[in-house]
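A closer look at the structure
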Amino acid sequence: MKKITVSAPGKIMLMGEHAVVYGYPCIVTAVSERMTVTLEESDEMILPPGDTRFIEIILEMMQVSMMKISTNGFSSGYGLGSSSAITVSLVKALSEYIGKKLNKKQIFDIAYKAVLKVQGKGSGFDVAAAIWGGTLYFVTGGKVIEPLHIKEMPLVVGYTGVKADTVSLIQNVAEKMEKESEKMQRIYDAIGKLVDDAKIQMLVGDWGRVGKFMNYNQEYLRDLGVSTPLLEQLISSSISAGAYGAKLSGAGGGDCMITLGDNNDIKKAIQDAGGAVLDIKTNAEGVRVE
Ligand code: MEV
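Here we summarise the structure given alongside this text. (Residues numbered from 1 in each chain as written. Predicted model: local features only at pLDDT ≥ 70, side-chain atom pairs only at ≥ 80, totals over all residues. Heavy atoms only, no water.)

**Some points on helix H2 (residues 82–97)**
Here H2 spans 22 Å end to end across 16 residues, near enough to the 22 Å set by a 1.5 Å rise per residue. When you tally the buried positions in H2, you get 14 out of 16 residues, the bulk of the element. A positive phi of about 70 degrees marks Gly99, the residue just after H2. (Helix = DSSP H or I, 4+ residues; strand = E, 2+ residues; numbered from the N terminus. Expected span 1.5 Å × (residues − 1). Buried < 20%, exposed > 50% of the residue type's maximum accessible area, 1.4 Å probe, protein only.)

The structure is reproduced here in structure tokens:
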């Protein structure tokens, strides 16, 4: 019986969230946590339990009607991009299964379209990370997808334990954009500049400088209204414990924060401030057949 398993990594946004929805760049790294999708021959459609909106859209787009699909991997609670990793794995698995090879950009276009259909808005950075892997400089909708060859980053990921609602956070920011467009434009311009500066320093491994840029990025995210008291607590505690810099990662409202500077004092500070430290490696491999 025909069977295929494909896996793709989750992601951590390093810098540039929210601004990247509006035409600016961001930097994202693929993480060691992976989602797998297994396809098996079947004479009926069997979907995995849970939210299958992304899967159903892909099946419709790729005109597949009979298949057993199962998924496995990390919890969707962390905000590490489980939906985009599943979507990308499924597109790749279907293309291999039906013998129609797709290149990375073709997989991106199909998976990004599915994400937009479900979420309405989104930059596609998480889809790109799941496909290309590594660390990417990415501009809205995949206008630029540039792999960055950087050394292993001293990064700690702290989890708030609070599930963020990405779609409503993007919506809140979009409403602000309508009401205070000049102010928001200034914030996005500044974030875009920070991302470009951080990219240069990441390539040479100057973590002190990158940390400073992360702190500035966090100030702008606070201005956008997407930080929370708990995120702020984890961020300030890790900086007091010696981190080069720290910021929320992703849409805000909960999920994860990141600190640059990896040692036990920083990890303990995050835990003492009420967070959990996730054991995650960066720069992971992109989508692959298992
Ligand atoms: C969410 O993880 C990051 C946002 O920039 C949305 C997106 O880029 O799709 C808020």
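**Comments concerning the site of the ligand**
Every residue close to the ligand is listed here: Lys11, Glu17, His18, Val20, Val21, Gly122, Ser123, Phe125, Ile170, Gly250 and Ala251. At a separation of 2.9 Å, an oxygen atom of the ligand approaches a polar backbone atom of His18. For the ligand, an oxygen atom lies 2.6 Å from a polar atom in the side chain of Ser123. Protein burial of the ligand: of its 300 Å² of free accessible surface, 94% is covered by the chains. Taking a 2 Å distance to the grid points as the criterion, the majority of the atoms of the ligand fall inside the largest pocket. By residue class, the composition of the shell around the ligand is five nonpolar, four polar and two charged. (Near = heavy atom within 4 Å. Polar contact = N/O pair within 3.5 Å; in protein donor to acceptor, adjacent residues only side chain to side chain. Areas by Shrake-Rupley, 256 points an atom, 1.4 Å probe, with all protein chains shown as cover. 1 Å grid on protein atoms, 1.4 Å probe; cavity = no way out; pocket = protein on both sides within 12 Å on 5 of 7 lines; lining within 4 Å. Sits in = over half its atoms within 2 Å of the grid points. Nonpolar A, V, L, I, M, F, W, Y, C, P; charged D, E, K, R; others polar.)

**Some words on the environment of Ile187**
Looking at the secondary structure, you find Ile187 in helix H6 (residues 181–204). A sequence separation of 36 residues divides Ile187 from Asp223, and the C-alpha atoms of the two residues are 8.1 Å apart. With residues up to four places along the chain from it excluded, the contact list for Ile187 reads Tyr220, Asp223 and Leu224. (Contact = heavy atoms within 4.5 Å.)

**What about the sheet that holds strand S7 (residues 155–159)?**
Reading across from one edge, S8-S9-S7-S10 is the order of the four strands in this open sheet, with antiparallel pairing throughout. Strand pairing shows two members of the sheet lacking a second neighbour, strand S8 (245–249) and strand S10 (276–278), which therefore form its edges. On average, each strand axis in the sheet is tilted by 30 degrees relative to the strand beside it, whichever way the strands run. Bridge count for S7 against S10 is three bridges, and the pairing is antiparallel. Its bridge partner lying in S10, Gly158 is registered against Val277. Across the sheet, helix H7 (residues 207–224) lies against S7, S8 and strand S9 (256–260), angled at about 45 degrees from S8, the strand it touches most. (Pairing = 2+ DSSP bridges. Axes fitted to C-alpha atoms, helices over the stretch in contact; angles between N-to-C directions.)

**What to know about the packing of aromatic side chains**
What characterises a pair of aromatic rings is the spacing of the ring centres plus the angle enclosed by the ring planes. This structure, assessed with the given rule, holds six aromatic pairs. Aromatic side chains Tyr24 and Tyr188 sit 6.0 Å apart centroid to centroid with 40 degrees between the ring planes, which places their arrangement in the tilted category. In this pair, Tyr24 is assigned in the loop between strand S1 (3–15) and strand S2 (25–40) and Tyr188 in helix H6, connecting sequence segments 164 residues apart. As far as burial versus exposure is concerned, Tyr24 and Tyr188 are alike and both buried. With a centroid separation of 4.7 Å and 85 degrees between ring planes, the pair formed by Tyr78 and Tyr159 is classed as edge-to-face. Of this pair, Tyr78 sits in the loop between strand S4 (67–73) and H2 while Tyr159 sits in strand S7, and the two are 81 residues apart along the sequence. Three or more aromatic residues joined by ring pairs form one cluster here, namely Phe108, Tyr112, Trp132 and Phe138. Between the NZ or CZ atom of Lys2 and the centre of the ring of Tyr97, over which it lies, the distance is 4.4 Å. Above the face of the Tyr137 ring, Lys199 is positioned so that its terminal group lies 4.1 Å from the ring centre. (Phe/Tyr/Trp six-rings, centres within 6.5 Å; stacked < 30°, edge-to-face > 60°. Lys NZ or Arg CZ within 6 Å of the ring centre and 35° of its normal.)

**Describing the side chain of Ser95**
By the element assignment, Ser95 lies in helix H2. In this structure Ser95 touches Met62, Lys100, Lys101 and Leu102, once residues within four positions along its chain are discounted.

**Looking at the pairing of S9**
Burial within S9 is extensive, with five of its five residues counted as buried. Burial along S9 is two-sided: the face carrying Cys256, Ile258 and Leu260 and the face carrying Met257 and Thr259 are both buried. In this structure, S7 lies alongside S9, joined through five bridges in antiparallel fashion. The residue bridging Leu155 from the neighbouring strand is Leu260, located in S9. As paired elements, S8 and S9 share five bridges and run antiparallel to each other.

**Brief notes about the side chain of Glu40**
Along the chain, the position of Glu40 falls in strand S2. Classification of Glu40 as buried rests on a relative accessible area of 14%.

**Structural notes on the packing of H2 against helix H3 (residues 104–119)**
Running from N to C, H2 and H3 point in directions that differ by 135 degrees, and their axes come no closer than 9 Å. Relative to H3, the element H2 is oriented oblique. Here H2 runs over H3; the crossing is right-handed. Mapping the contact onto sequence places Thr87, Val88, Val91 and Lys92 in H2 and Ile107, Ile110, Ala111 and Ala114 in H3. Looking at the contact of H2 with H3 residue by residue, the class counts come to six nonpolar, one polar and one charged. (Parallel < 35°, antiparallel > 145°, perpendicular 65-115°, else oblique. Left-handed = near helix turned anticlockwise from the far one by under 90°.)

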